[in-house]
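# An overview of the molecular structure
What follows is the residue order along each chain.
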Amino acid sequence: MLEISNYTAEQIRDPFGIIAGNRYEFMINLVIPEEDELYSENGVSVRVIVKENDGEVSVVTYDLIETTTQKLLEFDLEDDEEEELAAFCKEHMPER
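Definitions and cut-offs
Residues numbered from 1 in each chain as written. Predicted model: local features only at pLDDT ≥ 70, side-chain atom pairs only at ≥ 80, totals over all residues. Heavy atoms only, no water. Core = buried A, V, L, I, M, F, W, Y, C linked by side-chain atoms within 4.5 Å. Buried < 20%, exposed > 50% of the residue type's maximum accessible area, 1.4 Å probe, protein only. Helix = DSSP H or I, 4+ residues; strand = E, 2+ residues; numbered from the N terminus. Contact = heavy atoms within 4.5 Å. Salt bridge = Lys/Arg side-chain N within 4 Å of Asp/Glu carboxyl O.

### A word on the nonpolar core
Counting residues in each nonpolar core, the largest one holds 19 residues, and the members touching the most others are F26, I28, L30, V46, V48, L64 and L85. When contributions to this core are tallied by element, the ones reaching two or more residues are strand 2 (22–30), strand 3 (44–53), strand 4 (56–66) and helix 1 (79–91). Sequence-distant contacts of I28, defined by excluding residues within four places in its chain, comprise I4, N6, Y7, V44, S45, V46, V48, L85, F88 and C89.

Here you go:
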């Protein structure tokens, strides 16, 4: 189960209207136990791009990042963690 310490979410502007629907960027700080292979002393965050179109919300992509260095981590979340991440984003969509 993902433990989230804090997050930010903001709409990504598409001034040319190329992409259908709205895009949002979430920056989510995770609490990772030391014994987990994903653990980093620098902290771990996940950058998530979410699409909302006609009331449907879905995760487009995500990246795991070291919080203090912004270094990209070469890990993927497990399927159940991805589902938790998607549910969190859907639940915390910013107001337009």
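Having seen it, we continue.
### Some words on the pattern of salt bridges
Scanning the entire structure with this criterion turns up 2 salt bridges. One salt bridge connects R47 with E25, and the closest N-O pair in it is separated by 2.5 Å. Of the two residues, R47 sits in strand 3 while E25 sits in strand 2, which places them 22 residues apart along the sequence. R47 serves as the salt-bridge partner of D63, at 4.0 Å between the closest nitrogen and oxygen. Here the residue D63 occupies a position in strand 4, and R47 occupies one in strand 3, the gap between them amounting to 16 residues. Classification of D63 as partly exposed rests on a relative accessible area of 27%.

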